[in-house]
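A structural walkthrough
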Amino acid sequence: MVFKILSSQIKDIIRLEVTDGMHSFPVNVDVVVIPRPVVPEPTQRNPSETTLVVPERSQTELTLAKYFLGPPEAADKDLSFTIVKQPEKGQLLKDGLALPAMTQPVTTADMANGRVVYQHNNQEIGPEEVQDLFILQAQDIHGRAESMEIITHVRIIPVDNQFPLVTVLQSITVDEGSKTSFNPSHLEINDADTSPDDIICRIDPQPEFGFLENVSPLPGSEKSRAGEAITDFRAADLPNEFINYVQSIHKGYEPTADEFWIRCRDKQNNESIQKKITVIINPVNDEEPKIEYSRWRVREGDILNLDESILNCRDLDIPFDELTFIVTSPPKFGKIIYLGMHTLESTESIDSFTCEQLRAHEIAYEHDDSENFEDSIKMQLTDGKHVTEE
């Protein structure tokens, strides 16, 4: 495979997606292009412009090759240089000390011995190249030729040496069994020298009661990836609202909280501190109530106080819903009655009662004192939304 540069950009990136058919992982291949000077190297005597290239927060020497046509040993040793215009994003140093403008000259011997450098000001420039400029005045120390100003362009090349800063702003809130967007209102990712497209965030450990999905299609595809659990995403996916938390595990569990951890890295593998994202799960009424019962035994003409050992109700929803029994087919040889508090006095037949009344021992079956020894009853249990029948 051959990479061919088709523009004047000094950097490029190749994005690959490695997959085993089920899981995928993005890989960034960083391409660094060795820059050529903006202005051609001097090709005639008395050049008026030249170019230096310096990495961010670094320095580079002012060499004779940048300011003379001939080789350094053939350079005019009677020339000196003074600063006419200082650079704005750095400074010129001689032997480590700043050179003032228009006062202290620099000789060709200073340049030949590597004593003169341009030093960037140590400030973060971000992910893009920036420009600087200074002007030197070259003159013959004996006054045998006219002085000449030389414009020096400085290309300051970014260096990716900052790690992503990840800040958790708030928890994710989602309804049980639903999904919600995971976006910059929950998580802030900053990296001064890296584009959000080049920051990869890995989810590890994964959430226990759900998963994260990326609804954007893969490059070259139009199919959404909704419903597929992901292990990582790009920082740029958050402001684009491509990432959702899906609350998928809830039947029979009733979770009220979840969590997962995130760590982000840039293309130079500068990695952030691991951060925990908490999820608040709002419960919803999604569980069907259940009736639990066993065979009832009562003396002829007697009253059987119903309790949890022979009839019970259960609902897994949190908070618990109010459950109500509805008698759909009453007994033929008796009736369901409501007992007054602390009394076994018979009352009129009822066709509904609550779980709370059952557990308070306020509900009973009363036999009609006939010579019938088998009876049956059909009931429904409802939480107001779901209905179970036995």
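Use the structure listed above.
Figured I'd write up the structure that's included with this text. Values in this document were obtained by computation on a predicted structure and should not be read as measured data. (Residues numbered from 1 in each chain as written. Predicted model: local features only at pLDDT ≥ 70, side-chain atom pairs only at ≥ 80, totals over all residues. Heavy atoms only, no water.)

**Some words on the overall build of the protein**
Across its full length, the protein carries 2 helices and 30 strands. Within the protein, the fraction of its 390 residues that count as buried is 39%. Counted over contacts in the protein with a minimum sequence separation of 6, partners at least 24 positions apart contribute 70%. A total accessible area of about 21800 Å² is found for the protein, and carbon and sulfur atoms account for 51% of it. (Helix = DSSP H or I, 4+ residues; strand = E, 2+ residues; numbered from the N terminus. Buried < 20%, exposed > 50% of the residue type's maximum accessible area, 1.4 Å probe, protein only. Contact = heavy atoms within 4.5 Å. Areas by Shrake-Rupley, 256 points an atom, 1.4 Å probe, with all protein chains shown as cover.)

**Brief notes about the environment of Glu390**
Here Glu390 shows up in the segment after strand E30 (387–389). Spatially, the C-alpha atoms of Glu390 and Tyr293 are 9.2 Å apart, while their sequence positions differ by 97 residues. If we ignore the near neighbours within four places in the chain, the residues touching Glu390 are Ile291, Tyr293, Ile377, Lys378 and Met379.

**Focus: the state of the cysteines**
By definition, a disulfide links the sulfur atoms of two cysteines through a covalent bond. Considering all chains together, one arrives at 2 disulfides under this definition. Disulfide pairing places Cys201 opposite Cys264 at an S-S distance of 2.1 Å. In this structure, the disulfide formed by Cys201 and Cys264 twists by about 100° around the S-S bond and is classed as right-handed. Of this pair, Cys201 sits in strand E16 (residues 200–203) while Cys264 sits in strand E20 (residues 257–265), and the two are 63 residues apart along the sequence. With respect to class, Cys201 is no different from Cys264; both count as buried. The residue that forms a disulfide with Cys313 is Cys355, at a sulfur-sulfur distance of 1.6 Å. Here the residue Cys313 occupies a position in strand E24 (residues 311–314), and Cys355 occupies one in helix H2 (residues 355–359), the gap between them amounting to 42 residues. Judged by relative accessible area, which is 2%, Cys313 ranks as buried. Once the bonded cysteines of the protein are numbered in order along the sequence, the disulfide links fall as 1-2, 3-4. (Disulfide = S-S within 2.5 Å.)

**Side note on empty space enclosed by the protein**
Taken as a whole and assessed by the stated rule, the structure comprises 1 cavity of 30 Å³ or more. Empty space within the largest cavity amounts to approximately 50 Å³. If you go around the largest cavity, the residues you meet are Leu62, Phe81, Thr82, Ile83, Leu99, Val106, Met111, Val116 and Leu136. Per-element accounting of the lining of the largest cavity gives the leading share, 3 residues, to strand E5 (residues 79–85). Grouping the constituent residues of the lining of the largest cavity by class yields 8 nonpolar, 1 polar and no charged. (1 Å grid on protein atoms, 1.4 Å probe; cavity = no way out; pocket = protein on both sides within 12 Å on 5 of 7 lines; lining within 4 Å. Points joined across faces, edges and corners; volume = space filled by probe spheres on them. Nonpolar A, V, L, I, M, F, W, Y, C, P; charged D, E, K, R; others polar.)

**Focus: the side chain of Thr82**
With respect to the element layout, Thr82 can be found in strand E5. Here Thr82 is in contact with Met102, Gln104, Pro105, Ile135, Leu136, Gln137 and Gln139, once residues within four sequence places are set aside.

**Side note on the packing of aromatic side chains**
As enumerated under the stated definition, the model contains 5 aromatic pairs in all. Pairing Tyr118 with Phe134 gives two aromatic rings, centres 6.1 Å apart and planes at 10°, and the pair type is stacked. Linking Tyr118 in strand E9 (residues 116–120) with Phe134 in strand E10 (residues 130–140), this pair joins segments that are 16 residues apart in sequence. Residue classification places Tyr118 among the buried positions, given a relative accessible area of 0%. On the basis of relative accessible area, Phe134 is assigned to the buried category, the value being 0%. The interplanar angle of 90° and the centroid separation of 5.7 Å between the aromatic rings of Phe182 and Phe260 together place this pair among those described as edge-to-face. Linking Phe182 in the loop between strand E14 (179–181) and strand E15 (187–190) with Phe260 in strand E20, this pair joins segments that are 78 residues apart in sequence. The class for Phe260 is buried, based on a relative accessible area of 0%. (Phe/Tyr/Trp six-rings, centres within 6.5 Å; stacked < 30°, edge-to-face > 60°.)

**Some details on the sheet that holds E5**
The mixed open sheet is built from 5 strands, whose spatial order is E3-E11-E10-E5-E8. Strand pairing shows two members of the sheet lacking a second neighbour, strand E3 (49–55) and strand E8 (106–107), which therefore form its edges. Taken together, the 2 bridges between E5 and E8 define a ladder with antiparallel strand orientation. Along E8, the bridge assignment pairs Phe81 with Val106. (Pairing = 2+ DSSP bridges.)

**Looking at the pattern of salt bridges**
For the coordinates displayed, the defined rule picks out 14 salt bridges. For Glu292, the salt bridge identified is with Arg314, shortest N-O distance 2.8 Å. Here Glu292, found in strand E22 (residues 290–293), pairs with Arg314, found in strand E24; they are 22 residues apart in sequence, far enough to count as distant. Overall, the relative accessible area of 35% leaves Arg314 in the partly exposed class. (Salt bridge = Lys/Arg side-chain N within 4 Å of Asp/Glu carboxyl O.)

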